[in-house]
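Understanding the architecture of this molecule
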Amino acid sequence: MRNPNEALMRAALDAAERGWYVFPLRPGDKRPALHGEATCPHTGDCADGHMKWEQRATRDPDRIRTTWWHTPYNIGIATGPSGLLVVDLDKPKHKGSWDAPDGAATFKALCERAGHAVPATYRVRTASGGEHLYFTAPDGLRLTNTAGTIGQLVDTRAWGGYVVAAGSLTPAGPYEAVCGPVAAPLPLWLQSILQPAPRASQGPSGPVTAQSRRYADVALTNETWNVVTAQVGQREGALFRAARALGRLVAWGDLPRHVVEQALQEAGETAGLPAAQCRSTLRSALNWSIAHNQTRRDTA
């Protein structure tokens with residue numbers, strides 16, 4: 001007799017064969033099907049203390065078959081243990097934002113501004129019509145989740161996060177692999193945006209390195225794009241946040257202040273803000289950020 005759950009079980013096994021750690025999600029849902037800490041029975045995997053879904057994710061084919069044989073669980077991939085960085089390109093959630101760029105358009109524009117094509121890699125179309133782009137993270141680099149760091153409607157999942165795997169089914173639609181047989185290595189330019197800045201010594205700042213210059217240039221491109229694409233009612237806030245973020249790079253000597261001011265002034269005016277309002281916002285935000293970031297520190 002054919003097991004009605006065989007397709008989901010096969011999808012979970014396929015993910016494990018790729019080297020990815022999987023765990024069950026609720027049938028037809030995106031939430032983990034595993035018990036929480038409050039209801040932990042302290043048996044099995046949790047005999048020595050409660051283990052969360054990231055710790056209980058597995059690549060063991062026997063455990064996968066046992067788990068999926070009786071119940072049509074959807075499949076979660078624990079991105080951190082799997083050595084993955086997944087870029088989540090979402091669709092606007094509000095009907096009134098039909099003309100706003102979606103995550104795919106924002107990410108494509110960022111790639112072009114960084115001088116690169118959209119990377120060819122393993123992709124999954126989500127139930128909402130968005131996309132998940134899978135990349136392998138460099139060994140020894142522990143990236144975490146982000147929300148909007150790259151751009152509007154562009155999030156990432158790494159340590160502490162998970163994605164719904166291809167083959168999963170929800171009332172909104174299926175998750176389907178659409179192209180790319182393997183996950184490509186994380187591009188260096190994208191890594192430079194996501195990687196925490198290295199802890200600097202307490203001594204005087206040295207010359208700007210090629211790596212910090214590359215990071216600063218990508219950050220300038222990213223923050224400028226965030227301002228240009230900000231929605232009505234959010235544009236001054238986006239300009240303020242961009243100036244605060246880039247102000248620390250000015251303070252650290254990675255970017256000249258006049259370059260930041262000119263780029264953000266043009267971005268603000270392009271977004272529809274009055275020139276005088278842009279100048280005032282930039283002056284106050286940059287002054288504050290520069291004054292409070294005289295010493296380079298870790299940042300995400």
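Please refer to the structure higher up on the page.
Calculation criteria
- Residues numbered from 1 in each chain as written.
- Predicted model: local features only at pLDDT ≥ 70, side-chain atom pairs only at ≥ 80, totals over all residues.
- Heavy atoms only, no water.
- Buried < 20%, exposed > 50% of the residue type's maximum accessible area, 1.4 Å probe, protein only.
- Helix = DSSP H or I, 4+ residues; strand = E, 2+ residues; numbered from the N terminus.
- Pairing = 2+ DSSP bridges.
- Phe/Tyr/Trp six-rings, centres within 6.5 Å; stacked < 30°, edge-to-face > 60°.
- Lys NZ or Arg CZ within 6 Å of the ring centre and 35° of its normal.
- Expected span 1.5 Å × (residues − 1).
- Axes fitted to C-alpha atoms, helices over the stretch in contact; angles between N-to-C directions.
- Contact = heavy atoms within 4.5 Å.
- Salt bridge = Lys/Arg side-chain N within 4 Å of Asp/Glu carboxyl O.
- Arc of directions from axis to C-beta.

Right, let's talk about the pairing of strand β2 (residues 74-78) for a bit. Across the 5 residues that make up β2, a large majority, 5, are buried. Here β2 shows two buried faces, one formed by N74, G76 and A78 and the other by I75 and I77. As defined by bridge partners, strand β1 (residues 22-25) adjoins β2 across 4 bridges and the pair is classed as antiparallel. Of the residues in β2, the one forming a bridge with F23 is G76.

Before going further, it helps to spend a moment on the packing of aromatic side chains. All told, the structure shown has 8 aromatic pairs when counted by the stated rule. Judged by centre distance (5.1 Å) and plane angle (25°), the ring pair of F23 and W53 falls under stacked. Residue F23 is found in strand β1, and its partner W53 is found in helix α2 (residues 53-56); the two are separated by 30 residues along the sequence. Measuring from centroid to centroid gives 5.3 Å for F23 and Y162, while their planes differ by 80°, and the two rings are edge-to-face. Note that F23 is positioned in strand β1 and Y162 in strand β8 (residues 162-164), a separation of 139 residues in sequence. Among the aromatic residues, those joined into a ring-pair cluster are W20, Y122 and Y134. In this structure, R142 packs its charged tip against the face of W159, placed 4.0 Å from the ring centre.

Here helix α8 (residues 257-271) is 15 residues long and its end C-alpha atoms lie 21 Å apart, about the 21 Å a rise of 1.5 Å per residue gives. After α8 finishes, the residue G272 shows a positive phi value of roughly 115°.

Strand order in this open sheet of 3 strands is β1-β2-β8, and the pairing throughout is antiparallel. A single partner strand is all that each edge strand has here, and the edge strands are β1 and β8. In this sheet, neighbouring strand axes are inclined to one another by 35° on average, regardless of whether the strands run parallel or antiparallel. Of the strands in this sheet, β1 and β2 are in contact with helix α1 (residues 6-17), which crosses β2 at around 15°. Contacting β1 and β2, helix α3 (residues 61-70) runs over the sheet at an angle of about 10° to β1.

Below, the discussion takes up the pattern of salt bridges. When charged atoms on two side chains of opposite charge get close, those side chains can pair. Counted under the stated rule, the structure contains 9 salt bridges. K91 is the partner of D102 in a salt bridge, and the nearest nitrogen-oxygen pair spans 3.0 Å. Placement of D102 in the loop between β3 (84-89) and α4 (103-113) and of K91 in the loop between β3 and α4 is noted, with a sequence separation of 11 residues between them. In this structure, E261 and R257 form a salt bridge, with 3.0 Å as the shortest nitrogen-oxygen distance. Here the residue E261 and the residue R257 both occupy positions in helix α8, the gap between them amounting to 4 residues, near one helical turn. Residue classification places E261 among the partly exposed positions, given a relative accessible area of 28%. Among the ionic contacts, a cluster of salt bridges with common partners joins R10, D14 and E17.

Looking now at the environment of A184. Its location among the elements puts A184 in strand β12 (residues 184-185). Judged by relative accessible area, A184 falls into the buried class, the value being 16%. If near-sequence neighbours (up to four positions away) are discounted, A184 is found in contact with A120, T121, Y134, F135 and T136.

Its 17 residues place the ends of helix α9 (residues 275-291) 24 Å apart at the C-alpha level, agreeing with the 24 Å of an ideal helix rising 1.5 Å per residue. Buried residues of α9: C278, T281, L282, A285, L286, S289 and I290, and no others. Looking straight down α9, one finds that the buried residues subtend no more than 140° of arc, so they occupy a single side. Residues of α9 that are buried in the fold lie against α7 (235-251) and α8.

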